[in-house]
Amino acid sequence: MKKIYNKLTMLYFTILILYIQVVNILYCYNIINSDVVSTGLVIIGSLGIIIYILYKVFDKTIKTHDIFIIMMILFGIMSWQFAFVKRVALLGFKNGREGLLVLITYYVIFLVATTIKEKKYKDYIVNLITFIGIINVFYSYLQIPRLPYLLNIPIADIWGYPSGFLSNSNFYGSFMVMLTGIWLTRFLFSDKKNIDYKSLIFFIIFLSGLLLSGAMSAIVGLICMLIFSLIIFFLKRKNIILKNIVPKYVILLISFLSLYFIVSFVTDVNLSSDIKEMGTQAISTVTSGIDESFGTGRIHIWKEALYYFNKYDYWDTGVGIDNFYYIGHGNIIVDVVSGDQVYKAHNEYLQILVTEGIFMLVTYLSFLFFIFIKGLIYIKKNKSCDITFLSIFVAFVGYSIQAFFNISMTRVAPFYFLLCGFVSCYGDEVFKIASSNSN
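Residues numbered from 1 in each chain as written. Predicted model: local features only at pLDDT ≥ 70, side-chain atom pairs only at ≥ 80, totals over all residues. Heavy atoms only, no water.

Q: Is there a simple way to think about the overall build of the chain in this case?
A: Of the regular secondary structure elements, the chain holds 17 helices and two strands. The C-alpha atoms of the chain give 22 Å as radius of gyration, which agrees with the globular expectation for 439 residues (22 Å, within 12%). For the chain, the C-alpha atoms occupy an extent of roughly 60 × 55 × 55 Å along the three principal directions. The proportion of buried residues among the 439 residues of the chain is 55%. Expressed as a percentage of contacts within the chain between residues at least 6 apart in sequence, the contacts between residues at least 24 apart total 75%. Side chains of the chain carry 35 positive and 25 negative charges; the gap between the two charge centres is 13 Å. (Helix = DSSP H or I, 4+ residues; strand = E, 2+ residues; numbered from the N terminus. Rg over C-alpha atoms; globule rule 2.2 N^0.38 Å. Buried < 20%, exposed > 50% of the residue type's maximum accessible area, 1.4 Å probe, protein only. Contact = heavy atoms within 4.5 Å. Lys, Arg positive; Asp, Glu negative; His and termini not counted. Charge placed at Lys NZ, Arg CZ, Asp CG, Glu CD.)

Right, here's the structure in full:
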């Protein structure tokens, strides 16, 4: 039965990952819209519920993450019931369609991922995500010269920074953060005494994609992943030979600087200007206060969102899932930089607060913190360096950080919840490790 279940979950996630890539391509070429994307995800989520129920028939234990998911679904239902526009809360706003049904799908993806115990299956899924990531990076290279056609094939989304098939450079950047984190960690902490060239090549590919996106949220995520890799080195210093890892950090530095200059001087991506502006804004914030134009207008969006959130007393259930557009009761928030009307908070955690309420935000943050702590304990307790876990964990941290400055969307978020499930699954082994040590 276990083998059958493993094959079923592998088929399930293969369908999910390939589905996301196919709809990315179709959406990029305006063949389908966000309604089709979310409808397909909900169908996949429904199948996931059946799979997880099947798992629970044999594993009758209720784990802490099950309780978190139940709580988030209940708070989501409450937000839907008291939403400004209930239909939008259920199906999502027209530009993204990330309503209650899609959120439940994310949670189901997480739950099914927690049931995958064997390393080889996790590696298979990571490799499949890597494969579609390479496809997106390759396509983003085609977008650099801004050619409308290549071999009579139209190149979509040639405006702005390269975005692969994600149609938005920020979304593309968040996807690249996860993949860069995975292969950064595999390169650094591989058990091989010599350089793991496969991991290095994949890291360079995805780092180049991250830099091409020009997303400062992705840059912040990258910096945090590098810092976190040093924390892992400190925690596992007894198991890692210093003379083996120092050259790897040197190679990482050389790779980053080389790609940084290539992207800055060969493409239209102005990394130097963007990073300089980000640094100037950070210093100015400390010395003179916050300007509403900072963060490409994010500060203005955040201030307006919190103002209406407090004015209309949305503390308990929020304005409604994906109802951010309506938070001002007719006073639509506008990005002061682009002049565009805003339908997301440009901060995933603030988005949850103002659309689903304080109880949902506290529960969600506790959920992520619980996963994070389980991961840290696993690193500390496990004597070996499990490269699969470490790479997934760093990717989880990177995405969670960049989410402070970015938007959740249906064609990237499923990967994040899948990784969350993997980290939580490893964390379940913490108590077994602790128990064996005590004996």
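Alright, that's what it looks like, and here's the rest.
Q: Would you explain the pattern of salt bridges in this entry?
A: Oppositely charged side chains can form a pair if their charged atoms are brought close together. Per the stated rule, a full pass over the model turns up nine salt bridges. Taking the shortest distance from any N to any O, the salt bridge between Lys119 and Asp123 comes out at 2.8 Å. Remark: Asp123 and Lys119 occur in helix α6 (residues 119-142); sequence separation between them is four residues, near one turn of the helix. Residue classification places Lys119 among the partly exposed residues on the basis of a relative accessible area of 39%. (Salt bridge = Lys/Arg side-chain N within 4 Å of Asp/Glu carboxyl O.)

Q: Whenever I open this one, the packing of helix α3 (residues 64-81) against helix α14 (residues 358-381) confuses me. Can you help?
A: For any two helices packed against each other, one specifies the inter-axial angle together with the distance between the axes. As a packed pair, α3 and α14 sit with axes 9 Å apart at the nearest point and diverge in direction by 160°. Put simply, α3 runs roughly antiparallel to α14. Crossing handedness for the pair α3 and α14: left-handed. For the pair α3 and α14, contact is made by Thr64, His65, Phe68, Ile69, Met71, Met72 and Phe75 and by Phe359, Met360, Thr363, Tyr364, Ser366, Phe367, Phe370 and Lys374, respectively. (Axes fitted to C-alpha atoms, helices over the stretch in contact; angles between N-to-C directions. Parallel < 35°, antiparallel > 145°, perpendicular 65-115°, else oblique. Left-handed = near helix turned anticlockwise from the far one by under 90°.)

Q: Quick question: what am I supposed to make of empty space enclosed by the protein here?
A: The rolling of a water-molecule-sized probe over the atoms marks out the regions of remaining empty space. Tallied over the entire structure, the rule returns four cavities of 30 Å³ or more. For the largest cavity, the lining is made up of 24 residues, of which Glu98, Leu103, Ile352, Glu356 and Ser408 are closest to its centre. Secondary-structure elements contributing two or more residues to the lining of the largest cavity are α5 (100-114), α13 (348-356), α14 and α16 (413-427). Of all the elements, α13 adds the most residues to the lining of the largest cavity, at five residues. Of the residues belonging to the lining of the largest cavity, the class tally is 13 nonpolar, six polar and five charged. (1 Å grid on protein atoms, 1.4 Å probe; cavity = no way out; pocket = protein on both sides within 12 Å on 5 of 7 lines; lining within 4 Å. Points joined across faces, edges and corners; volume = space filled by probe spheres on them. Nonpolar A, V, L, I, M, F, W, Y, C, P; charged D, E, K, R; others polar.)

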